[in-house]
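Structural description and commentary
Listed below, chain by chain, are the residues.
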Amino acid sequence: MFSVSEIITIKDKKFKRFIPHEQIQAAIQKSADLINRELKNELPVFLVVLNGAFIFAADLLKEINIPCEISFIKVASYHGTSSSGTVNELIGLTEDISGRTVVIVEDIVDTGITLEKIIGVLNKKNVKQIKVATLLLKPRSYKKEFKINYSGLSIGDEFVVGYGLDYDGLGRNLKEIYVLV
Ligand code: 5GP
């Protein structure tokens with residue numbers, strides 16, 4: 001066993017240990033069990049949203065025991081012509097996903113704006129259905145209507161790092177989740 005620091009400093013900020021490793025793993029197992037049950041006949045495509053979801057996705061997908069495909073995407077937004085407004089693009093989505101059950105794998109859903117962008121693009125690709133799996137959900141900030149099918153842990157409005165989530169590029173490698181103090 002090695003000891004885990006209760007308080008850590010990242011750049012100019014202090015963070016306190018918030019969600020321990022075992023609690024994260026238990027939440028992931030629950031989501032995986034549900035996905036295994038609900039999507040067993042679907043041959044789902046998991047779309048992992050980089051960068052933040054990489055550690056969650058690795059742990060979640062090791063517990064998925066049904067046939068599936070896995071792909072990695074990044075969301076890019078740019079301003080198109082004045083008539084089209086903001087254009088959202090999913091970088092890395094090269095395969096044909098028409099007719100497929102797609103599971104978006106996110107690290108955290110806060111306001112839901114990122115999710116809305118992703119779903120907006122996927123809706124134009126004739127997918128069969130879209131499911132959402134997130135490790136963390138901030139229910140008080142979430143403003144959208146999309147159902148979060150597989151939600152690991154709900155937290156308040158606080159800012160968290162670790163387990164894939166960063167503060168200014170740092171802290172993604174932390175094994176546990178820390179909260180800003
Ligand atoms: P949204 O508001 O669009 O749901 O979330 C946007 C993005 O903000 C998330 O994908 C995540 O990258 C980032 N984010 C939201 N809350 C937190 C947080 O507490 N910690 C960190 N590190 N990122 C967050």
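Residues numbered from 1 in each chain as written. Predicted model: local features only at pLDDT ≥ 70, side-chain atom pairs only at ≥ 80, totals over all residues. Heavy atoms only, no water.

Examining the packing of aromatic side chains
Formally: Here a pair means two rings of Phe, Tyr or Trp (six-membered ring of Trp) with centres within 6.5 Å. Their orientation is stacked below 30 degrees between planes, edge-to-face above 60, and tilted elsewhere.
Taken as a whole and assessed by the stated rule, the structure comprises three aromatic pairs. Taking 6.3 Å as the distance between ring centres and 80° as the angle between the ring planes, the aromatic pair formed by F159 and Y167 counts as edge-to-face. Within the aromatic cluster, the residues linked to one another by ring pairs are F15, F159 and Y167.

Things to note about the sheet that holds strand β9 (residues 160-161)
In plain terms, the rule: At least two bridges found by DSSP between two strands is the condition for calling them paired. Secondary structure is summarised from DSSP: a helix means a run of H or I of at least four residues, a strand means a run of E of at least two, and numbering begins at the N terminus for each.
Strand order in the open sheet made by the four strands is β1-β2-β10-β9, with antiparallel pairing throughout. Strands with a single pairing partner mark the edges of an open sheet, and in this sheet they are β1 (7-10) and β9. Sheet topology note: the β9/strand β10 (residues 177-180) ladder contains two bridges and is antiparallel. For V161, the partnering residue across the bridge sits in β10 and is Y178.

Here's the deal with the packing of helix α1 (residues 21-38) against helix α2 (residues 54-62)
Selection rule: Only the contacting stretch of a helix is used when fitting its axis, a line to C-alpha atoms as for every element, and angles between N-to-C directions run 0 to 180 degrees. When an angle is under 35 degrees it counts as roughly parallel; over 145 it counts as roughly antiparallel; between 65 and 115 it counts as roughly perpendicular; any other value is oblique. Working rule for handedness: look at the near helix, and if it is turned counterclockwise from the far one by less than a right angle, call the crossing left-handed; if clockwise, right-handed. Should any heavy atoms of two residues lie within 4.5 Å, those residues are considered in contact. Each residue gets one of three labels, nonpolar for Ala, Val, Leu, Ile, Met, Phe, Trp, Tyr, Cys and Pro, charged for Asp, Glu, Lys and Arg, and polar for the others, Gly among them.
Axis separation between α1 and α2 bottoms out at 9 Å; the angle between their running directions is 55°. As the angle between them shows, α1 and α2 are arranged oblique. As for how α1 packs across α2, the hand of that crossing is right-handed. Counting all contacts with α1, which are made through Q25, I28, S31, A32 and I35, the residues of α2 involved are F56, D59 and L60. Residues belonging to the contact of α1 with α2 are distributed by class as follows: five nonpolar, two polar and one charged.

What about helix α3 (residues 113-123)?
Note the cut-off: Type-normalised accessible area, obtained with a 1.4 Å probe on protein chains alone, sets the label of each residue: buried when under 20%, exposed when over 50%, and partly exposed for intermediate values. The arc in question is the one traced by the directions running from the helix axis out to the C-beta atoms.
Along α3, the residues that are buried comprise L115, I118, I119, V121 and L122. Along α3, the residues classed as buried sweep out an arc of 160° about the axis, all on the same side. The inward-facing, buried residues of α3 abut β3 (45-49), β4 (69-79), β5 (86-91), β6 (101-109) and β7 (129-137).

Some thoughts on the site of the ligand
So the rule is basically this: Proximity is defined per residue: any heavy atom of the residue falling within 4 Å of a molecule or strand makes that residue near it. Pairing of N or O atoms within 3.5 Å defines a polar contact, subject to two protein rules: one partner must be a possible hydrogen donor and the other a possible acceptor, and residues neighboring in sequence count only if both atoms are side-chain atoms. Residue exposure ignores everything except the shown protein chains as possible cover, and the areas themselves are Shrake-Rupley values with a 1.4 Å probe.
Taken together, 14 residues form the shell around the ligand, and within it T111, G112, T114, V160 and D166 come nearest. Between D110 and the ligand, the recorded distance is 2.8 Å, taken from a backbone N or O atom to an oxygen atom. V160 is positioned with one of its backbone polar atoms (N or O) 2.7 Å from a nitrogen atom of the ligand. Protein coverage of the free-state accessible area of the ligand, which is 510 Å², stands at 79%. For the shell around the ligand, the elements supplying multiple residues, two or more each, are β6 and α3. When its residues are assigned to classes, the shell around the ligand shows six nonpolar, three polar and five charged.

Examining the pattern of salt bridges
Threshold: One side-chain nitrogen of Lys or Arg within 4 Å of one carboxyl oxygen of Asp or Glu is enough to make a salt bridge.
Within this structure, the stated rule accounts for 10 salt bridges. Residue K128 is joined to E42 by a salt bridge in which the shortest nitrogen-to-oxygen separation is 2.9 Å. One end of the pair, K128, is in the loop between α3 and β7; the other, E42, is in the loop between α1 and β3, and 86 residues separate them in sequence. Judged by relative accessible area, K128 falls into the exposed class, the value being 53%. The salt bridge partner of K144 is E116, with a shortest N-O separation of 3.2 Å. Of this pair, K144 sits in the loop between β7 and β8 (150-154) while E116 sits in helix α3, and the two are 28 residues apart along the sequence. Taking relative accessible area as the criterion, E116 reaches 35% and is therefore assigned partly exposed. By sharing partners, the salt bridges in this structure join E6, R17 and E176 into a single network.

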